[in-house]
Each structure stands twice: as structure tokens, then as C-alpha cells.
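# Observations on chain architecture
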Amino acid sequence: MVTLKQILLALLIVIAGSWVAFHFLESDERKVKKQFAQLSEWVSKEPGESPIVMAQKVKNIGSFMSESCEIKIPIDSFSGKNTREEVSAYAARGRSYFSTLDLKFYDLSISFPEKGLATVTLTARLTGTSTAGEHVEETRELRCVLKKTEKKWFFTELEVIEVLKK
């Protein structure tokens, strides 16, 4: 006869096996989506954020970039090839203008044109409040290229896609 102890042990083994399979056998698409979710978390800023938390978040933003990340945006002074450190410095400067900041990514379309390379087209929505009290709400379409290096995906290119206005 099957005892309650045997049933619980079998259930525990199934749950542990499922967790291991889910955690370690993630698809590349899921890993790329996770990079965007984590980037969103690090860019976002809560009121009263301490300088230590800010420094850690800015460092983490840089850690998502490859050694050389090409940024293509309408502002010439930011466009071009940037190092992780430069991206972190831009992030720190940009975050300093806001008391609150929230970045969300929507409609991710991920393709893998070759092994170890992902192209992602998405909509990014940035909302926040400036330190002067002004409400900011920006929505942009982005094209990002990520490269897989040692099982981790790094941003190698980020481009703001100009959308025609009616």
C-alpha cells in the first residue's frame, strides 16, 4: 500500500525535477526576455533612492552591455560605440534628472539570424517625474542586437527607430 510519506516524496522529486529543468534548460528566447526584464528593473528609480542603490543599479546596467555597444539615437552626443563604463555613466547622468523613473518593454519580437545572435524589435515606455516635478512619458520603438558570450546575452547594438508621424 502506498503511504502518505511515499506520495509526498514522489511529489517533492517531481517539483524539484521541474524546477531544475525550468531553471537550467531555459530557451535562448526566454533568456533574452529576462535580460530586458532585468534591465527594466535596474533603470527604474524609486523616490528617495540611496546613492549606494543608485551606484549598484548603474553598475548593473553597464553589465548588460558588451565591451563595445553601438548606440544609435537622434542625439549625436550619445550615438556611436560606447564601452560598458560609458553606458553606465550615461545611465547615471540620465537617472540623476529624475526623482522617479519606470521603464517597461512591450511587444518583444525576437529573432535569431545566426547562432549566438539575437535581434529584438520592441516598444519601450519610459515614465517618470523629473527632479523639477515635471511628468515625463516617452514611448519609442527600439531595435536591439544581443550577442551570446559564455551563456549570457549582452547588448551589442541599440537603435531608436524613427516612427513616421501622421
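These numbers come from a predicted model, not from an experiment.

Let us now look at the pairing of strand 5 (residues 135–149). Across 13 bridges, the pairing between strand 4 (residues 117–130) and strand 5 is antiparallel. Note on strand 5: the bridge partner recorded for leucine 126 is glutamate 138. Judged from the 9 bridges that link them, strand 5 and strand 6 (residues 152–161) form a sheet pairing that is antiparallel. Across the sheet, leucine 146 pairs through a bridge with phenylalanine 155, a residue of strand 6. Hairpin connection, strand 5 to strand 6: the antiparallel pair is bridged by 2 residues, and glutamate 150 has positive phi, about 50°.

Quick look at a nonpolar patch on the surface now. Residues Leu4, Ile7, Leu8, Leu11 and Ile15 make up a contiguous nonpolar surface patch of roughly 510 Å² in combined accessible area. Here leucine 8 is to be found in helix 1 (residues 4–24).

The pairing of strand 1 (residues 65–72) with strand 6 spans 4 bridges and is parallel. Opposite methionine 65, over in strand 6, you have phenylalanine 155 as the bridge partner.

Here helix 4 (residues 84–96) spans 18 Å end to end across 13 residues, near enough to the 18 Å set by a 1.5 Å rise per residue. As for helix 4, its buried residues are in contact with helix 2 (28–43), helix 3 (51–63), strand 1, strand 2 (80–82) and strand 3 (98–114).

The residue serine 66 is located in strand 1 in this model. Since its relative accessible area comes to 13%, serine 66 is described here as buried. One polar contact links the side chain of serine 66 to the main-chain carbonyl oxygen of serine 68, over a distance of 2.7 Å. Excluding residues within four positions of it along the chain, serine 66 makes contact with Arg84, Phe154, Phe155 and Thr156.

By the definition in use, this model includes 12 salt bridges. Taking the shortest distance from any N to any O, the salt bridge between arginine 140 and glutamate 138 comes out at 2.8 Å. Classification of arginine 140 by relative accessible area gives partly exposed; the value is 44%. One salt-bridge network, held together by shared partners, links Lys72, Arg143, Glu157 and Glu159.

About the cut-offs
- Residues numbered from 1 in each chain as written.
- Predicted model: local features only at pLDDT ≥ 70, side-chain atom pairs only at ≥ 80, totals over all residues.
- Heavy atoms only, no water.
- Pairing = 2+ DSSP bridges.
- Helix = DSSP H or I, 4+ residues; strand = E, 2+ residues; numbered from the N terminus.
- Patch = residues over 30% accessible without salt bridge, like charges linked within 9 Å, V, L, I, M, F, W, Y side chains within 5 Å.
- Areas by Shrake-Rupley, 256 points an atom, 1.4 Å probe, with all protein chains shown as cover.
- Salt bridge = Lys/Arg side-chain N within 4 Å of Asp/Glu carboxyl O.
- Expected span 1.5 Å × (residues − 1).
- Contact = heavy atoms within 4.5 Å.
- Buried < 20%, exposed > 50% of the residue type's maximum accessible area, 1.4 Å probe, protein only.
- Polar contact = N/O pair within 3.5 Å; in protein donor to acceptor, adjacent residues only side chain to side chain.

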